[in-house]
Amino acid sequence: MRLVETIGELRAEVAEQRRAGAGVGLVPTMGALHAGHASLVERARDRHALVLASIFVNPLQFERPDDLERYPRDLERDLALLERSGAQVCFAPVAKEMYPDGGPIVSVDPGTIGATLEGVSRPGHLSGVATVVAKLLCIATPDAAYFGEKDFQQLVLVRRLVRDLSMPVDVVGCATVREPDGLATSSRNARLSVAGRAAATVLHRALLAGSAAWRAGRGPGGAETVAAQEVRAEPLATLDYTAAVDDRLTRLAAPAPVTGVTGPFRLLVAATVDGVRLVDNVEVPS
Ligand code: PAF
């Protein structure tokens, strides 16, 4: 696997592969890679002759400087995982390469998607994500880009980004990879204490309890309420939100309940567990 650190080198690499007829798949990441990222690379490998992964801890999407500073980084380990998973090129630029002037003047406004859920809890985060993803897509010009479903709002945003800006990229959402006890794999899990790691399973338990409430006929609102109760019962967890949404992020239960919901829909949860903010979601079938 080749490590590429500049935009120019990456463009040259892609151009050469394209001349040889290779299709290109991109897996954008912020490093601290885990089995979830490996599954994205493997999925891309099945479809494209050239699989690129990017590792860039994007300062624009951190609303708190301490969160950016504490974000786990281990390039050597990440490169080994990418190589094992089948990526051919890793693009790992420094911040100055991506933002030579310190930050962009022109950035992507996530619109109404940025004004709900994560956008409320983390102001500026989704604009930072949309801006860096737009940049990465312009730099790598992939045929398809792969994103995990765990960050469901991010996936909805990226789908909308490429649609609204007419980018010729297929956005592929990939199923969340879970630990045996149900915890969704996440780079942030590395920051959990032993007690926090045990408590963090509450997110998935809450989603299962919420889904069961839906199956019992309690509607999207019931699913949200039951999931929220489950998180609140965990002493190390502080609930941010639970939300039942459709695939455009329309809230199904609040502020006014949408009637006649038949599913499927997504049940989302966000909570801070022992100082680490985690998100998760499941599809609730009809
Ligand atoms: O999901 C992530 O790791 C990041 O938000 C992404 C998509 C790589 C953009 O920085």
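Heads up: the structure comes first, above all this text.
The paragraphs below set out a description of the structure included in this document. It should be emphasised that the depicted structure is a prediction, and the values quoted were computed from it without experimental measurement.

### Points about the site of the ligand
Then comes step 1: Close to the ligand lie Pro28, Thr29, Met30, Gln61, Val132, Phe147 and Gln154.
Then comes step 2: Between glutamine 154 and the ligand, the recorded distance is 2.7 Å, taken from a side-chain N or O atom to an oxygen atom.
Then comes step 3: Coverage of the ligand by the protein amounts to 89% of the 290 Å² it exposes when considered alone.
Then comes step 4: Looking at the shell around the ligand, its residues break down into four nonpolar, three polar and no charged.

### A word on the state of the cysteines
Then comes step 1: According to the stated counting rule, one finds zero disulfides in the structure shown.
Then comes step 2: Of the cysteine sulfurs around cysteine 138, a residue in no disulfide, the closest is that of cysteine 90, at 19 Å.
Then comes step 3: Judged by its relative accessible area of 47%, cysteine 138 is partly exposed.

### A few points about the packing of helix H1 (residues 7–19) against helix H7 (residues 125–140)
Then comes step 1: Put simply, H1 and H7 touch, their axes get as near as 9 Å, and they point 50° apart. Judged by the angle between their axes, H1 and H7 are oblique. Across the interface between the two elements, Ile7, Leu10, Arg11 and Val14 of H1 pack against Cys138, Ile139 and Ala140 of H7.
Then comes step 2: Residues belonging to the contact of H1 with H7 are distributed by class as follows: six nonpolar, no polar and one charged.

### Some remarks on the sheet that holds strand E3 (residues 50–55)
Then comes step 1: Across the sheet, six strands lie side by side as E1-E4-E3-E2-E5-E6; this open sheet has parallel pairing. Single-partner strands in this sheet number two, and they are strand E1 (2–4) and strand E6 (170–174). Ignoring which end each strand starts from, the neighbouring axes of this sheet average 25° apart.
Then comes step 2: The sheet contact formed by strand E5 (residues 144–148) and E6 spans five bridges and is parallel. When the sheet's bridge partners are listed, alanine 145 is paired in E6 with valine 171.
Then comes step 3: Contacts between H1 and the sheet are confined to E1, strand E2 (24–29), E3 and strand E4 (89–91), with E1 contributing the most and set at about 135° to the helix.
Then comes step 4: Sitting on the sheet, H7 touches E2, E3, E4 and E5, and the angle it makes with E2 is about 150°.

The rules behind the values
Residues numbered from 1 in each chain as written. Predicted model: local features only at pLDDT ≥ 70, side-chain atom pairs only at ≥ 80, totals over all residues. Heavy atoms only, no water. Near = heavy atom within 4 Å. Polar contact = N/O pair within 3.5 Å; in protein donor to acceptor, adjacent residues only side chain to side chain. Areas by Shrake-Rupley, 256 points an atom, 1.4 Å probe, with all protein chains shown as cover. Nonpolar A, V, L, I, M, F, W, Y, C, P; charged D, E, K, R; others polar. Disulfide = S-S within 2.5 Å. Buried < 20%, exposed > 50% of the residue type's maximum accessible area, 1.4 Å probe, protein only. Axes fitted to C-alpha atoms, helices over the stretch in contact; angles between N-to-C directions. Helix = DSSP H or I, 4+ residues; strand = E, 2+ residues; numbered from the N terminus. Parallel < 35°, antiparallel > 145°, perpendicular 65-115°, else oblique. Contact = heavy atoms within 4.5 Å. Pairing = 2+ DSSP bridges.

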